[in-house]
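Structural characterization, general
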Amino acid sequence: MSTTDTPADPSTDPSAAAGTVATSGGDDAPLRVAVIVGSVREGRQGRAVADWFLGLAGAQDGLTLDVVDLADVDLPLAMPGWGGTPSPEAVEALADVSPRLAAADAFVVVTPEYNHSFPAALKNLIDWHHPQWQAKPVGFVSYGGLAGGVRAVEQLRQVFAELHAVTVRDAVSLHGPWSGLGEDGAPRDAAVCTGAAKGMLGQLRWWGKTLREARAVRPYQG
């Protein structure tokens, strides 16, 4: 089986300036997962948390992981109006990140919780794109305070639903990043967090393969 993401209409989607890429793969092909590190704050824990998760996910067969670290993605906040042309700076940034999102079969978002919500840089990446998210599953690894980032995740579920993505039910929540994580970013309660990560990945794998096969047979119309 093979599928090609439907190109965005440049008159309605500014991320179309970077184009989309062809995706292919049958049931036995590795599931391509883009792991998005959502924090760009100085002194962040996000990359350490992502590295812990990548160690677990990388040990599983059948997954190809691509880390999209927003600290390395310089997307401007100012977007063109509908039908407008992105700035040269935006086109350059989109040329790197947009094809990687389009090529992904699934996503894992690593996010902190800032003021009961998620980081602005993460929302900016999401808003610059549209067809890249459609009919694909999204899993979450969150961290932050006593709530463990769950309020950020619940808000992100609403955002991704609007973009026709499917968020998996189970998530990984790391509580108290300053006390619950070691210096290497690994959770001190390793057994519980590892079990949660494996459960989330199992759901992500099922949805990722199922939706990939469905898009190959019936391209998603939105």
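Our subject in this report is the structure included herewith. (Residues numbered from 1 in each chain as written. Predicted model: local features only at pLDDT ≥ 70, side-chain atom pairs only at ≥ 80, totals over all residues. Heavy atoms only, no water.)

A few words now on the environment of valine 91. Structurally, the position occupied by valine 91 is in helix α2 (residues 88–103). Residue class for valine 91 comes out partly exposed when judged on its relative accessible area of 31%. Expressed as a C-alpha distance, the spacing of valine 91 and leucine 75, which sit 16 residues apart in the sequence, is 8.9 Å. (Helix = DSSP H or I, 4+ residues; strand = E, 2+ residues; numbered from the N terminus. Buried < 20%, exposed > 50% of the residue type's maximum accessible area, 1.4 Å probe, protein only.)

A separate point is the packing of helix α3 (residues 120–127) against helix α4 (residues 150–162). Here α3 crosses α4 at 10°, and the two axes come no closer than 11 Å. One element, α3, and the other, α4, form an angle in the roughly parallel class. Across the interface between the two elements, Leu122, Lys123 and Ile126 of α3 pack against Leu156, Val159 and Phe160 of α4. Considering only residue class, the contact of α3 with α4 consists of five nonpolar, no polar and one charged. (Axes fitted to C-alpha atoms, helices over the stretch in contact; angles between N-to-C directions. Parallel < 35°, antiparallel > 145°, perpendicular 65-115°, else oblique. Contact = heavy atoms within 4.5 Å. Nonpolar A, V, L, I, M, F, W, Y, C, P; charged D, E, K, R; others polar.)

Counted according to the given criterion, the structure contains twelve salt bridges. Across the pair aspartate 105 and arginine 215 runs a salt bridge whose closest N-O atoms are separated by 3.8 Å. Taken together, the residues span a long stretch of sequence, with aspartate 105 in the loop between α2 and β5 (106–112) and arginine 215 in helix α5 (residues 190–217) at a distance of 110 residues. Residue classification places aspartate 105 among the buried positions, given a relative accessible area of 0%. When the shortest N-O distance is used, the salt bridge between glutamate 154 and arginine 157 registers 3.3 Å. With glutamate 154 and arginine 157 both in helix α4 and three residues apart, this pair spans about one turn of that helix. Given the relative accessible area of 45%, glutamate 154 is considered partly exposed. (Salt bridge = Lys/Arg side-chain N within 4 Å of Asp/Glu carboxyl O.)

The next subject is the side chain of serine 98. Turning to its location among the elements, serine 98 is positioned in helix α2. Residue serine 98 is classed as buried on the basis of its relative accessible area of 0%. A distance of 2.6 Å separates polar atoms of two side chains, one belonging to serine 98 and the other to histidine 129. (Polar contact = N/O pair within 3.5 Å; in protein donor to acceptor, adjacent residues only side chain to side chain.)

Here we come to the pairing of strand β4 (residues 63–69). When a strand is regular, its side chains alternate between the sheet's two faces. In this structure, strand β3 (residues 31–37) lies alongside β4, joined through seven bridges in parallel fashion. In the sheet register, arginine 32 faces β4, and the bridge partner there is threonine 64. Viewed along the sheet, the connection from β3 through helix α1 (residues 46–58) into β4 turns out right-handed. (Pairing = 2+ DSSP bridges. Right-handed = clockwise from strand over helix to strand, strands pointing away.)

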